[in-house]
Amino acid sequence: MSDTNDHGHPGDHGQPGESARGDDLMADLAAAGQPGEHEGQPDGPQARRRVIGTPAPAAGRTMLAEEPAAGGAPRELPADPENLESAKRAERIVAACFVLAMLAGLGFIAAYVIFQVHTVNNTLHSNLALGTTMGVAFLAMGVGATIWVRRLMPDVEVSEERHPLASTPENKAAFAQTFEEGAQTSQFVKRPLIRRTLIAATVPVAVAPIVLLRDMGPLPEKSLDHTVWKKGTRLVVYGTNRPLTPADFSTPGSSLSVIPEGYAENDNALAKAATTLIKFRPGQLRAPTVMNWTVNDIVAYSKICTHLGCPAALYEQTTHHILCPCHQSTFDAARGAQVLFGPATRPLPQLPLTTNAQGFLVAQSDYHEPVGPSFWERS
Amino acid sequence: MSTNHALEGVGTWLDDRLHGARGVRVLLRKVFPDHWTFLLGEIALYSFIILLLTGTFLTLFFQPSMGTVVYHGSYTNLDGVSMSRAYASTLNISFDVRGGLLMRQIHHWAADLFMAAIMAHMIRIFFTGAYRKPREVNWLIGITLFTLGLLEGLFGYSLPDDLLSGAGLRILEGVLQSIPIVGTYVAFFLFGGPFPGSDIIPRMYMLHVLLIPGLILALVTAHLFIMVFQKHTQMPGKGRTNTNVVGQPMYPYFMAKTGAFFFFTFGILALAGAFAQINPIWLYGPYNAVAMSAGSQPDFYMGMLEGALRVFPAWQWVVFGHTFAFNVFIPALLPLGALFTGAAFWPFIEQWVTGDKLEHHVNDRPRNAPTRTAIGVAVITLYGVLWAEGANDILANHFDISLYLTTEIARVAWIVAPIIAYILTKRICLGLQRKDVHLLEHGVETGIIRQLPSGEFIEETRPVDEESRAILESRPHYQGLPRGAGAGPEESQEGVPAPGMRGAIGKARERLYNVITESVPLPANGHGNGHAIEGNGHGDQPSAVVPSGSGQSGAGPDDGPPGQP
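Residues numbered from 1 in each chain as written. Chains lettered and ligands numbered in written order. Predicted model: local features only at pLDDT ≥ 70, side-chain atom pairs only at ≥ 80, totals over all residues. Heavy atoms only, no water.

> Is there a simple way to explain the overall build of chain A in this structure?
A count of helices and strands for chain A gives six helices and eleven strands. A total of 379 residues make up chain A; the buried ones form 41% of that total. By element, 61% of the accessible surface of chain A is carried by carbon and sulfur atoms, the whole surface being about 19700 Å². (Helix = DSSP H or I, 4+ residues; strand = E, 2+ residues; numbered from the N terminus. Buried < 20%, exposed > 50% of the residue type's maximum accessible area, 1.4 Å probe, protein only. Areas by Shrake-Rupley, 256 points an atom, 1.4 Å probe, with all protein chains shown as cover.)

In structure tokens form, the structure reads like this:
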């Protein structure tokens, strides 16, 4: 410990025999009930205590009377910083920071009372006022405390010893003996009948909580294979719930989100039944689009991405690409919504369309395959 | 004095009952080593405390229900729209509760900071080797905390039931469904039936406010207790050894500093909550299964998962009437699973390869463990590629490149970039080691040129100071592999190989040992830079063989191997 600074602090004077402390929680816990162990350690005067970067005190400093530590024990930490002038300035800065924090804290309370909410603009102002005062209050306290530590508390560096974490062989042996004796005394080892029946008893008890989870939901059964579309279900525009005739939807290149009539408020149904309607120019639609399922070059594809079920909501007119915004699976709407790019493996299923007696667009049937992401039971 | 008396009275009262004087004194004197990277874990801790505080406030107003209401509140843009109670109550917190928006935003920023700080903290622990014996348990707890943090965040930002997070839940449902055999059942049980059902928000709420935070709190407590018990690691430096810990005592220094740090964290988060909008759910609108907006992004810590789902090719099998959706369950489970599993096993792999059974309390400088550092950088690079791919639509848009090209690049880069990163990092580490060795051998250049009586010019160097020297010379200590009986330390080929070193596994271990411990040797002469004038600035011979003091005699530059007596 060559860098132990021995011309150090006032408190150090006349304490050549100060004993180092075993500042060690672990050792302390381990040694509980053995009082005096730490104090008795015969370490040298400089052991495990270093005061670095503290030059010899100014001449005047040594004149200051030192309050003797209670019980006459030697100081372990210096009482005062080296430069009292600088400390005095720092003290004022710290106090200013704390005053600022106090004012900001009062400002927070004032802002809470003054700024009302209930409109977007009011909320904006309230949020700014509350957040700023709160932030300033905390930051000012942080800055103040930091300056306090760095400029007012004397800089020290101390060192404490580590002890190996492993227990001593005696302690290990004693533990093993205790454990062994307990096991013997409990008869657990000697009486396998008890042991085995106990293990057998715990198995169903451990499984029971898993059984309890069964009613968290119904079994899937075939529910993922179908949607609510049926023969004759009218297509209605998502949002307005207005039914459509082919004449209402005659601009080539346009697309619409449609849902089955009567299910506008049914999220469970829409999560599978949401459909995209796209109008093409004559001749643009190609195989493998099923032409019998289109009406006047209007084609309907499931809107639920076959990758992970996001609504494949982006349609690009010029290329006829349907793009899913989640993972960018891209489908060719002119060619049966085949996958062009991305992680999706299957085309978007096509909904068979026709018109009913009133001329409205309706479904010929449900989708002919499950919509949405793959699942284990899907064949 | 009266304060002292009062304190003394309280202290005596407590001590008479709880017997604390000695233990608490030791705790107050506990030594905290100082280094800026030791603050990273503290940021995570304080973010967690702030999450608990702000989260408690939010629970006072949030309604975890998927029951439908028609909104007629302060946010008039959504007037008359039907939405879930969860979404409506989140709007109310934002626009009708004073400070509600601030608490929401601080909560969300704190969650992001929590995850970012955990990541940075783990990276620091890895690169400095602070996970080594005896700290493996805390490393494993840390990985568990990170995993819990991911789930906690996912459930948390899904609670408002807005359009963006609803899409995230839809993806979660799709991922669950893709798992072979049990997937569909797991999804149905979690969601209480078909998506979206009406159970998922209340269930996630319970997980988010009770179960997962409870687990995190318990594990954080264990994490801290073990850390106090084992004492901190310390950065290498003069007087810092494996058997001591050097720093400032907890009371008053660390207490004041860490208190200040808590205020800084809270203050910064409060300002972020005031000035940086986050998760404006009123702009997204309530969830519905039909709509979706472009440029959807999860929170940053889910980005890697998102990127993996985007980058993976469309592979799928249908066999015997069952679908293997490789395109989903592999990217969803493999990258993060491999990352966590690999991280969890790494300390034990390293121990096995190096045969190292010692306790380590002095951190490594990353350059001094080139292979470990290179592996770490490679993993971070892999993570980074997938993370960037998670935002490839944003990147494509900003940099005006083809969307598909970004994915194609990522498909190549996720394999190639980590390899390049590994090689580069290892070279850089070894180069930095050479620089250190050079400093140790030749000292610091002073810039003073001196002419010798012979007319020769030399540059004067100064030996590195003691502190730098201690740092430069700090190297991980490897025990060496078990040697067979009779084999000398340098001649493992001879003699009988030790148990554990036989056969193909033993050979592989030997080879891995050589890779993992690869380093530029330190000068064997521990006091090699004691000379004021070091004439031989660039001898090719490793000066590890230079005997002490010979530098002064062998002054002639390049006229033979230095140190020739």
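> Can you walk me through the sheet that holds strand 9 (residues 338-341) of chain A in this structure?
Backbone hydrogen bonds are what pair the strands of a sheet, in a parallel or an antiparallel way. Strand order in the open sheet formed by four strands is 6-7-8-9 (chain A), with antiparallel pairing between adjacent strands. Edge strands, defined here as strands with exactly one partner in the open sheet, are strand 6 (314-316) and strand 9 of chain A. On average, each strand axis in the sheet is tilted by 30° relative to the strand beside it, whichever way the strands run. Bridge count for strand 6 of chain A against strand 7 (residues 321-323) of chain A is three bridges, and the pairing is antiparallel. Looking at strand 7 of chain A, one finds that tyrosine 315 of chain A is bridged to isoleucine 322 of chain A. Strands in contact with helix 16 (residues 403-442) of chain B are strand 7, strand 8 (330-332) and strand 9 of chain A; relative to strand 9 of chain A, the strand with the most contacts, it is inclined by about 70°. (Pairing = 2+ DSSP bridges. Axes fitted to C-alpha atoms, helices over the stretch in contact; angles between N-to-C directions. Contact = heavy atoms within 4.5 Å.)

> Help me understand the state of the cysteines, please; the structure alone is not making it clear to me.
By definition, a disulfide links the sulfur atoms of two cysteines through a covalent bond. Residues and elements named next belong to chain A. On inspection of all chains with the given rule, the structure shows one disulfide over all chains. Take cysteine 305: it sits in no disulfide, and the sulfur closest to it among the cysteines is that of cysteine 324, at 3.9 Å. For cysteine 305, a relative accessible area of 2% puts it in the buried group. Its relative accessible area of 2% is what places cysteine 324 among the buried residues. (Disulfide = S-S within 2.5 Å.)

> Could you clarify how one ought to interpret the side chain of serine 374 of chain A in this entry?
Tracing the sequence through the fold places serine 374 of chain A in the segment after strand 11 (361-363). You can call serine 374 of chain A buried: its relative accessible area is 5%. Polar side-chain contacts of serine 374 of chain A include one of 3.0 Å to the side chain of arginine 346 of chain A. A polar side-chain atom of serine 374 of chain A sits 2.9 Å from a polar atom in the side chain of glutamine 316 of chain B. Ignoring any residue separated from it by four or fewer positions in sequence, one finds serine 374 of chain A in contact with Thr306, Thr345 and Arg346 of chain A together with Gln177, Ser178, Gln316, Thr323 and Ala325 of chain B. (Polar contact = N/O pair within 3.5 Å; in protein donor to acceptor, adjacent residues only side chain to side chain.)

> Got a minute to help me understand the interface of chain B and chain A in this structure?
A common way to report how large an interface is uses the accessible area buried once the components associate. Facing 111 residues of chain B, the contacting portion of chain A comprises 100 residues. For the pair chain B and chain A, the summed buried surface comes to about 9000 Å²; carbon and sulfur atoms form 63% of the total. On the chain B side of the interface with chain A, the three residues burying the most area are Arg22, Arg98 and Val290 of chain B, jointly 9% of the side's total. There are three salt bridges connecting chain B and chain A. Notably, a salt bridge pairs arginine 25 of chain B with glutamate 76 of chain A, separated by 3.4 Å at the nearest N-O pair. Where chain B touches chain A, the interface holds 41 residue pairs in polar contact (both at pLDDT 80 or more). Top contributing element to the side of chain B that touches chain A by residue count: helix 10 (residues 250-275) of chain B, with 16 residues. In the side of chain B that touches chain A, the residues fall into 57 nonpolar, 34 polar and 20 charged. (Buried area = accessible area lost by both parts, 1.4 Å probe. Salt bridge = Lys/Arg side-chain N within 4 Å of Asp/Glu carboxyl O. Nonpolar A, V, L, I, M, F, W, Y, C, P; charged D, E, K, R; others polar.)

> What exactly am I supposed to notice about the sheet that holds strand 5 (residues 298-302) of chain A here?
Residue and element names in this part refer to chain A. Spatially, four strands are ordered 2-3-4-5 in an open sheet, and the strand pairing comes out antiparallel. The outermost strands of the open sheet, each flanked by one partner alone, are strand 2 (235-237) and strand 5. If you compare each strand with its neighbour and ignore which way they point, the axes differ by 40° on average. Where strand 3 (residues 255-260) meets strand 4 (residues 275-279), four bridges bridge the pair, whose relative direction is antiparallel. Each bridged residue has a counterpart across the sheet, and for leucine 256 the counterpart in strand 4 is leucine 277.

> Honestly, the packing of aromatic side chains in this entry has me stumped. Any pointers?
In total, this model carries 31 aromatic pairs over all chains according to the counting rule given. For the ring pair phenylalanine 262 of chain B and phenylalanine 266 of chain B, a centre distance of 5.8 Å and an interplane angle of 70° mean the geometry is edge-to-face. Here phenylalanine 266 of chain B and phenylalanine 262 of chain B lie together in helix 10, a separation of four residues that amounts to about one turn. For phenylalanine 266 of chain B, a relative accessible area of 6% puts it in the buried group. Seen in terms of ring centroids, phenylalanine 324 of chain B and phenylalanine 326 of chain B are 5.9 Å apart; in terms of plane orientation they differ by 20°. Their pairing is stacked. Taking relative accessible area as the criterion, phenylalanine 324 of chain B reaches 23% and is therefore assigned partly exposed. Residue classification places phenylalanine 326 of chain B among the buried positions, given a relative accessible area of 16%. Chaining the aromatic ring pairs together yields one cluster made of Phe138 of chain A together with Tyr46, Phe261, Phe262, Phe263 and Phe266 of chain B. Taking NZ or CZ as reference, arginine 234 of chain A lies 4.8 Å from the ring centre of phenylalanine 360 of chain A, over its face. Lying across the ring of tryptophan 13 of chain B, arginine 17 of chain B places its NZ or CZ 3.9 Å from the centre. (Phe/Tyr/Trp six-rings, centres within 6.5 Å; stacked < 30°, edge-to-face > 60°. Lys NZ or Arg CZ within 6 Å of the ring centre and 35° of its normal.)

> Explanation requested: the nonpolar core in the structure shown.
Soluble globular proteins tend to bury their nonpolar side chains together. Of all hydrophobic cores here, the largest spans 96 residues; its most connected members are Met134 of chain A together with Ile106, Phe114, Trp139 and Ile216 of chain B. When residues of this core are assigned to their parent elements, the largest contribution, 14 residues, is made by helix 5 (residues 100-127) of chain B. Setting aside chain neighbours within four positions, we find tryptophan 139 of chain B in contact with Met122, Ile125, Phe126, Tyr131, Ala343, Ala344 and Pro347 of chain B. Ile278, Cys305, Cys324 and Ala344 of chain A belong to the second-largest nonpolar core, a separate cluster that totals 27 residues. (Core = buried A, V, L, I, M, F, W, Y, C linked by side-chain atoms within 4.5 Å.)

> Please clarify how the environment of proline 463 of chain B should be interpreted in this entry.
Note that proline 463 of chain B resides in the loop between strand 8 (457-462) and helix 17 (466-473). Taking the C-alpha atoms as reference points, proline 463 of chain B and alanine 421 of chain B, 42 residues apart in sequence, are found 34 Å from one another.

> Any chance you could explain unusual backbone geometry here in plain terms?
With glycine set apart, most residues show a phi of negative sign, and most peptide bonds adopt trans. Here lysine 133 of chain B and proline 134 of chain B are connected by a cis peptide whose omega angle stands at 10°. Tracing the sequence through the fold places proline 134 of chain B in the loop between helix 5 and helix 6 (136-158). In this chain, tyrosine 251 of chain B is followed by proline 252 of chain B through a cis amide linkage whose omega measures 5°. Following the sequence through the fold, proline 252 of chain B ends up in helix 10. Positive phi, normally seen in glycine, also occurs at glutamate 221 of chain A, with a value near 45°. Glutamate 221 of chain A gets classed as exposed once you look at its relative accessible area, which sits at 66%.

> Could you clarify how one ought to interpret the pattern of salt bridges in this entry?
Within the structure shown, the criterion is met by 21 salt bridges over all chains. Across the pair arginine 335 of chain A and aspartate 332 of chain A runs a salt bridge whose closest N-O atoms are separated by 3.7 Å. Taking the relative accessible area as the measure of exposure, arginine 335 of chain A reaches 34% and is therefore partly exposed. Taking relative accessible area as the criterion, aspartate 332 of chain A reaches 11% and is therefore assigned buried. Among the ionic contacts, a cluster of salt bridges with common partners joins Arg132, Glu350, Asp364 and Arg372 of chain B.

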